[in-house]
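Spelled out, the chains give:
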Amino acid sequence: MSKKVIIVGAGVAGLSSAFYARRAGFEVTVYEQGNSPGGVSTSWVRQGFTFDGGIHWLVGSSPRFQPFHQRWVETGALQANNPIEYADPVFEFRTANATLHLWRNIDRLTNELIDFAPEDRKALRSLRRHVLALADYLPAPSGLADRAGRILCLPVLLPLFIYLYRTTTRQYLERFSNPIVREFLSSVLNVEQNALSLIGTLGGYSMGDNGYPVGGSRRLADNMEQTVLQAGCRIVYRTKVEKICVEPERSRLSRSRVTGVMVGGAFQPADFVIVTIDTCTALQTLFDNPLQESWARKLMRRTESEHCSLFSLGIKKDLDYLPSTLRIHLREPVELAGQTYSTLWVYRYSGRDGYAPEDCTSLTVLFPGDTYDYWKTARNDGQYRNRKKAFMEEAQRLLTEYLPEIEGQVAVTDLATPLTYERYCGCYRGGYMGIWRAGQNPFAVPVKSKSVQGLRFAGMRTLMPGGLPISVQSGYKAAKSL
Ligand SMILES: Cc1cc2nc3c(=O)[nH]c(=O)nc-3n(C[C@H](O)[C@H](O)[C@H](O)COP(=O)(O)OP(=O)(O)OC[C@H]3O[C@@H](n4cnc5c(N)ncnc54)[C@H](O)[C@@H]3O)c2cc1C
């Protein structure tokens, strides 16, 4: 008889572990508290407008970026129904006096920036060198000669990689004297991530990866769900795992062992349990006795997350002339939900099936930053709805100032805050991936519990900085370890 595996959560990590555990011959049941697959990687529909609250770019969308691409294909995430778009420029950056572009090709990108800010020529040339050096290491080696070549070059490049790993993006950007160039590069990703993340992301673009699967988060998650079901797994929605049941150690020679989970007040036995929900939330809520493992204490102490307030608008107008991703540099910084913003991150969805009614456009505006305490206080004070309303009014006013064509055309608005991600996905303090700090060990959570036999971990917290590729790969690793 096959051994039983219970998986907690049907996000990308949960679906990935389910697929690989089933492929290895286990009997697999997934419990998901929500009513659909995908977890954070999801979208929602308001009055016919679809708002994608997950993927903007996917590491491993190209076959050149292994092993992630293989995971996406094997788990059915990428299929004929979600071909990859490689928007170029990745985004357009508008200021009062100039328009810059995040071109995929690093020569084109740095040449445009040098034309704009010749005073930063030296720093931009070294950015180019750093990106090309890292981009060479991102694709899987193409053969023995390639592998040997990389090993030979490593001693020369290692000091650069260590420098980037030990430096925050914010510190790295101090080498640029032009404030617009700094702001432009600051809007690639969170400046608190280490510089390796920035250079790696630019390297990913330049090697032809980091595309967008059409249909976005939801189609990717639905594809994975179908693959998992066809493989013979069971997914039970609207069912929250309340506890992980652990049999205590009986003697010094036998470790404690997982026996199953509690759902709806009933015990469900299992030989293995893979926890794919936010590990911090799991540590806080799923165990009667805290896990006595050093990483668990460290994780709770040190975890830092990426957060956002995601403002969505349904526009009764086809804005297909706008770039699909736009950064609008504000004339004056503004304060919203206790954070200061100098650039709006705008995503346009139109012209593709299913995103917006005909001749209409879905827009999302991402406001990065940890506003969890702001929204939590508002909720405790009974002010959450009012503050959300005020936030949306101010954000819409601001956007209209820069995109006057949306005036009078807004059919629907919506705001997801960190409390939304906490409530619907169980994200710890509403964070949706980690921040990989300069010099921080990226291996945050071991796949296999050291103190409880049969217990495994996967998901965004397991390897810094998290995000979709880490989720899919950690699911594979957890299943392999069974
Ligand atoms: C706006 C936004 C944009 C993003 N853009 C990108 C991007 O461009 N590229 C990228 O790589 N990443 C991106 N991310 C991050 C990425 O979406 C997440 O890191 C990833 O989806 C996390 O997947 P996961 O499976 O590890 O966790 P989750 O998605 O959190 O899955 C956990 C699942 O467990 C369920 N659950 C929780 N508690 C329980 C319980 N007790 N019992 C049963 N079920 C439970 C939850 O409902 C959820 O479905 C973005 C995130 C956001 C919010």
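Below, the discussion takes up helix H12 (residues 372–380). The set of residues buried in H12 consists of Tyr372, Trp375 and Ala378. Around the axis of H12, the buried residues are gathered within 135 degrees of arc, so they sit on the same side. On its buried face, H12 is in contact with strand S15 (308–315), helix H13 (384–402), strand S19 (410–416) and helix H14 (418–425). Gly382 lies just past H12 and shows a positive phi near 70 degrees.

The next point concerns the nonpolar core. The biggest cluster of nonpolar side chains holds 66 residues, and the ones touching the most others in it are Leu102, Leu127, Tyr172, Phe176, Phe184, Ile244 and Val273. Two domains each put at least three residues into this core: domain 1 (4–41 + 58–77 + 216–303 + 435–480) and domain 2 (104–207). Apart from the residues lying within four places of it in its own chain, the contact partners of Tyr172 are Ser126, Leu127, His130, Tyr163, Leu164, Thr167, Ala195, Leu198 and Ile199. Counting residues in hydrophobic clusters, the runner-up holds 55 residues, among them Ala10, Tyr237, Tyr421 and Val472.

In this section: helix H1 (residues 12–23). With 12 residues, H1 extends 17 Å from end C-alpha to end C-alpha; this agrees with the ideal 16 Å at 1.5 Å per step. Of all 12 residues that make up H1, 10 are buried, and the element is covered over most of its length. Within H1, the full set of buried residues consists of Val12, Ala13, Gly14, Leu15, Ser16, Ser17, Ala18, Phe19, Tyr20 and Ala21. Backbone geometry just downstream of H1 places Gly25 in the positive-phi region, at approximately 100 degrees.

Among the secondary structure elements, Thr42 is positioned in the loop between strand S2 (27–31) and strand S3 (43–46). Spatially, the C-alpha atom of Thr42 lies 24 Å from that of Arg379, the residues being 337 residues apart in sequence. Filtering out sequence-adjacent residues up to four positions away, Thr42 remains in contact with Phe51, Asp52, Gly53, Gly54, Ser217 and Arg218.

As a further point, take the domain arrangement of the protein chain. For the protein chain, the domain assignment lists domain 1 (4–41 + 58–77 + 216–303 + 435–480), domain 2 (104–207) and domain 3 (308–428). Computed over C-alpha atoms, the centres of domain 1 and domain 2 are 32 Å apart. Taken residue by residue, the interface counts 11 residues in domain 1 and 14 residues in domain 2. Summing the contributions of domain 1 and of domain 2, the shared interface buries around 1100 Å²; its carbon and sulfur component is 57%. Connecting domain 1 to domain 2 are one salt bridge. A salt bridge links Glu192 to Arg437; the shortest N-O distance between them is 3.3 Å.

According to the stated counting rule, one finds 17 aromatic pairs in the structure shown. Pairing Phe19 with Tyr20 gives two aromatic rings, centres 5.0 Å apart and planes at 80 degrees, and the pair type is edge-to-face. The same class applies to Phe19 and to Tyr20, which are both buried. Note on Phe367 and Phe391: the rings are 5.2 Å apart at their centroids and 85 degrees apart in plane angle, and the pair reads as edge-to-face. With Phe367 in strand S18 (residues 361–368) and Phe391 in helix H13, this pair connects stretches of sequence that are 24 residues apart. No difference in accessibility class separates Phe367 from Phe391, as the two residues are buried. Sitting above the plane of the Tyr476 ring, Arg71 keeps its charged end 3.4 Å from the centroid. A cation over a ring is seen here: Arg327 above Trp345, with NZ or CZ 4.1 Å from the ring centre.

What follows is about the pattern of salt bridges. Side-chain pairing between opposite charges can occur once the charged atoms of the two side chains come close. Counting across every chain of the model gives 18 salt bridges. Taking the shortest distance from any N to any O, the salt bridge between Asp278 and Arg461 comes out at 3.0 Å. With Asp278 in the loop between strand S13 (272–275) and helix H10 (279–285) and Arg461 in the loop between strand S22 (455–457) and helix H15 (468–480), this residue pair connects regions lying 183 residues apart in the sequence. Both residues of the pair, Asp278 and Arg461, belong to the buried class. Three or more residues are tied together by salt bridges with common partners; here these are Arg170, Glu192, Glu304 and Arg437.

Rules and cut-offs
- Residues numbered from 1 in each chain as written.
- Predicted model: local features only at pLDDT ≥ 70, side-chain atom pairs only at ≥ 80, totals over all residues.
- Heavy atoms only, no water.
- Buried < 20%, exposed > 50% of the residue type's maximum accessible area, 1.4 Å probe, protein only.
- Helix = DSSP H or I, 4+ residues; strand = E, 2+ residues; numbered from the N terminus.
- Arc of directions from axis to C-beta.
- Contact = heavy atoms within 4.5 Å.
- Core = buried A, V, L, I, M, F, W, Y, C linked by side-chain atoms within 4.5 Å.
- Domains from an automatic or database assignment.
- Expected span 1.5 Å × (residues − 1).
- Buried area = accessible area lost by both parts, 1.4 Å probe.
- Salt bridge = Lys/Arg side-chain N within 4 Å of Asp/Glu carboxyl O.
- Phe/Tyr/Trp six-rings, centres within 6.5 Å; stacked < 30°, edge-to-face > 60°.
- Lys NZ or Arg CZ within 6 Å of the ring centre and 35° of its normal.

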